[in-house]
Amino acid sequence: MKTSFRLWWVAAAVLASVAIESCETPTEKDGPDRGAHLLNRGFVAGAVAVAGGSPACTTIGAYYNVTARDGVNLWCWAATRSGSAAGPAVYVHTPYGIESLRTSVLWGQSQPVFNNCNYTIVVCDWRGRGKSGGKMGNSTQLGWDVHDIIEWIAGNPSLSDGNIGMFGASALAEAQFRGALQNPPHLKCIVPVFHDFQVLYKTYYPGGILYLDHYHFLLSLGYSVSYVLLVPSYNLIWKQIESQYDPADIHVPALLVGGWWDHSYMLDSFAELHDYGDSAIRLKHKLLYGPWIHFATGGATLSPEEDMFVDTSFIIQSHASRFYDRYLRGLSNDVDSWSPIRYLRLNESISEIHSVQQFPPQSEALNLYPHADGTLQLTPPAEEKILSINYVPYDPSPTEGGTTFSSTEFHGPHDQDQVLIRNDYLLFESEPLSSCLLIEGNTYANLSVSTTCVDTDFMVRLVDVYWNNSKKIHYLIGDGAQRLKYTPNYKEGQRNSLIVEITNPLSWVFLPSHSIGIIVTSSNYPIFDRNANTGVDIWADYTVTPVNASNNVYISPTSKLVLPVSSSECRDSSGSSNHHHSGTDSNPASSYTSPSPTSSSPIITSTSTGSTSPKGPHTHILLLLFLFTLFRQ
């Protein structure tokens, strides 16, 4: 199996360096029978009312074979608008099948982009997926295919006027980045949703622990991601991988979209494009963040509770439509005056878009210290004590919400009642707040710990604690993980200090009468891989029986939760506001002092653990990984 894996990397490295000739022979595949079939399903024709007062129009669908530069046929579908000459086109490149995307996302109801009479919609299957020919290739091949299809659309006057934009989430966003790097002449802008520009270590190993839920999800979709298991620690190889794409090679404006409960690090991607991108257009890049999970743009069957974190109001598409109007149609609108970053908070009495030059905005760290009685307080404990967690790898603490992918798991914020019916956790809560408290940015816990084993993990779940009638709710709003042996200055068998970063940045309002809480465990499965406590990285690699661990947390001034409390005004559910004024009682919302003004900050604050310096020439990453596997044998 290892031999075939290495051969695959050899082939990939060779393919990455081969130039393929271009040829284009599109053929229309849609006949009257096919059109009637789609009409019966309600997806091809019909009057569509367009937001903004545009007249209703009729959508007519047609199928095409587009021949890529190497002769492989790529399967596409285009929706044109009858009664007018073709205008700009919005193109979606999907690995999930045209029919699935078209039925579950595009045509469910009137939408600002996909039911917009001003735009032709073109959807194409990835190479080797759906009805497209060939085999799914590497990221360079993906970029070439996107380039070829864009230029085919531009060369077909029945489909477009030559101005092409792109849209899509997750893998559909990756296709936009990889295509834009090939610099197709007729691509004018992109709207990548929920996908990083670079391939990041922390996307696969937050805190040094395999993001198992994400990994299995990608495998289930047929992606070749097994190479990440070869390099579980952050090293030179990952540093090269994280810098393989040059942001200066993106020559079109991008509207990036992130979600507070998505796994991607869109703040990092935006910082890279904005700070190190093409100087001619980098200030045109924009970022939109909202209270969304990975499936927020549709395509998944979700529970009513999860629907709270889906973009049912089409905020993403509304922004995208204005972005397209500006850069595809050349209209003068408010896009030029948008601040670099626009975002929504959760738990505000009034839902509104906040505009800032940087994220997080001005904030100050608020330290809350765990005490042995289970409280979080503003003052550190006067006396050191030790609290223990019994961790049994074969009986891990269950995942209840978060930045999950699996269809069997809940997505987004969720009550942690199934975690708290067990006996393998530590819970700390503040006193109820007297007024609202706004946190914006990245949260982390600094813990002083030890273990009876060679290695172990520590997990922190940040929770909003409140009463719902007679039931006490511990509502997860963020979680993080850290493998002990990957802690700087780690000393086996001794007491160590580690930082557990909450993986997702937040803009969250704690309401009056709510409390701030953290749950500390040594597992959070299956979102994170389990630790066998033996020093082995990946569960599947274990050649020895996992051992149980007794893990200690030292209740001392060195253990604390650090919250980024914003200086901005927060509004609670009653509509009243709070500037975090000084007070005398013991709970954080009333005793926190507003920070004083600081000097000017950079436009964007990156959360990346890797380098954010300007990028040099592209690295032959595939060949580098191949050589690594040889030396590792």
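Because the structure is predicted, anything quoted here is derived from the model rather than measured.

Draft legend 1. Structural view of the overall build of the chain. When its secondary structure is counted, the chain shows 13 helices and 27 strands. Classification of the 633 residues of the chain by burial places 58% in the buried group. Here the contacts in the chain between residues at least 6 apart in sequence split such that 75% fall between residues at least 24 apart. Surface summary for the chain: the accessible area is close to 24600 Å², and the carbon and sulfur share equals 52%.

Draft legend 2. Summary view of helix H4 (residues 139-154). Taking 1.5 Å of rise per residue, 16 residues should cover 22 Å, and H4 covers 23 Å from first to last C-alpha, within 8% of that figure. For H4, the N-terminal capping position is held by Asn-138, with its side-chain oxygen 3.1 Å away from the main-chain nitrogen of Thr-140.

Draft legend 3. Focus on the sheet that holds strand S20 (residues 471-483). Within the open sheet, the four strands sit side by side as S16-S23-S19-S20. Their pairing is antiparallel. A strand with exactly one partner marks an edge of an open sheet, and here the two such strands are strand S16 (426-429) and S20. Neighbour to neighbour, the strand axes of the sheet diverge by 20° on average, direction disregarded. Of the pairings in the sheet, the one linking strand S19 (residues 457-468) to strand S23 (residues 515-521) comprises seven bridges and is antiparallel in character. Bridge pairing in S23 links Met-459 to Thr-521.

Draft legend 4. Up close: the packing of H4 against helix H5 (residues 171-180). At a minimum axis distance of 7 Å, the contact between H4 and H5 shows a crossing angle of 80°. Taken together, the axis directions place H4 and H5 in an arrangement best described as roughly perpendicular. In this structure, H4 contributes Ser-139, Leu-142, Gly-143 and Val-146 to the contact, and H5 contributes Glu-174, Ala-175, Arg-178 and Gly-179.

Draft legend 5. Representation of the side chain of Asp-479 within the structure. You can see Asp-479 is positioned in strand S20. Arg-461 provides the closest opposite charge to the buried, salt-bridge-free Asp-479, at an N-O distance of 6.2 Å. Leave out the neighbours within four places in its chain, and Asp-479 touches Gly-401, Gly-402, Val-460, Arg-461, Glu-501, Ile-502, Thr-503, Asn-504, Asn-524, Ile-527 and Phe-528.

Draft legend 6. Region of the structure containing the packing of aromatic side chains. Scanning the model with the defined rule gives 24 aromatic pairs in all. Ring plane angle 35° and centroid distance 6.3 Å describe the contact between Tyr-204 and Trp-238, whose orientation is recorded as tilted. Remark: Trp-238 occurs in helix H8 (residues 236-241) and Tyr-204 occurs in helix H6 (residues 201-204); sequence separation between them is 34 residues. Assigned by exposure class, Tyr-204 and Trp-238 land together as buried.

Draft legend 7. Structural context of the nonpolar core. With 113 residues, the main nonpolar core has Tyr-91 and Leu-462 as its most contacted residues. Here the element with the most residues in this core is H4; it accounts for six residues. With 33 residues, the next largest nonpolar core counts Val-90, Val-113, Phe-167 and Ala-296 among its residues.

Draft legend 8. Here's a closer look at the pattern of salt bridges. Scanning the model with the defined rule gives 16 salt bridges in all. Of the charged contacts, one joins Asp-424 and Arg-422 as a salt bridge, the two residues approaching to 2.7 Å between their closest N and O atoms. According to the relative accessible area criterion, Asp-424 is buried, its value standing at 6%. The partly exposed category is assigned to Arg-422, whose relative accessible area is 21%. Linked by salt bridges that have partners in common, Asp-70, Arg-127 and Asp-145 make up one network.

Basis of the calculations
- Starting from 1, residues in each chain are numbered consecutively following that chain's sequence as written.
- The predicted origin of the model limits local features to residues at a pLDDT of at least 70 and limits the giving and counting of side-chain atom pairs to 80 or more, whereas totals for whole chains, interfaces and linings rest on all residues.
- By convention in this description, side-chain values take in all heavy atoms of the structure and omit both hydrogens and water.
- Each helix is a run of DSSP H or I of at least 4 residues and each strand a run of E of at least 2, with the numbering of both proceeding from the N terminus.
- Type-normalised accessible area, obtained with a 1.4 Å probe on protein chains alone, sets the label of each residue: buried when under 20%, exposed when over 50%, and partly exposed for intermediate values.
- Contacts: residue pairs with any heavy atoms within 4.5 Å of one another.
- In these tables, accessible area is a Shrake-Rupley quantity obtained with a 1.4 Å probe, and a residue counts as shielded only by the protein chains included in the view.
- Between the first and last residue of a helix there are one fewer steps than residues, each counted as 1.5 Å, and that sum is the expected span.
- Under this definition, polar contacts are N or O atom pairs within 3.5 Å; protein pairs additionally need one hydrogen-donor-capable and one acceptor-capable atom, and for neighbouring residues in sequence, both atoms have to be side-chain atoms.
- Strand pairing is assigned whenever DSSP identifies at least 2 bridges connecting the two strands.
- A fitted line through C-alpha atoms serves as each axis, taken over the contacting stretch for helices, and the angle formed by two N-to-C directions is quoted from 0 to 180°.
- Angles are sorted into four bins: roughly parallel if under 35 degrees, roughly antiparallel if over 145, roughly perpendicular if 65 to 115, and oblique for all others.
- Charge counting follows a simple rule: Lys and Arg are positive, Asp and Glu are negative, and His as well as the terminal groups are ignored.
- Each salt bridge in this description consists of a side-chain nitrogen of Lys or Arg and a carboxyl oxygen of Asp or Glu lying within 4 Å of one another.
- Geometry of aromatic contacts follows a simple scheme: Phe, Tyr and Trp rings, the Trp one being its six-membered ring, pair when their centres are within 6.5 Å, and the pair is stacked under 30 degrees between planes, edge-to-face over 60, tilted otherwise.
- As used here, the term nonpolar core means buried Ala, Val, Leu, Ile, Met, Phe, Trp, Tyr and Cys residues forming a set that is joined through side-chain atoms within 4.5 Å.

The analysis is restricted to geometry; functional conclusions fall outside its scope.
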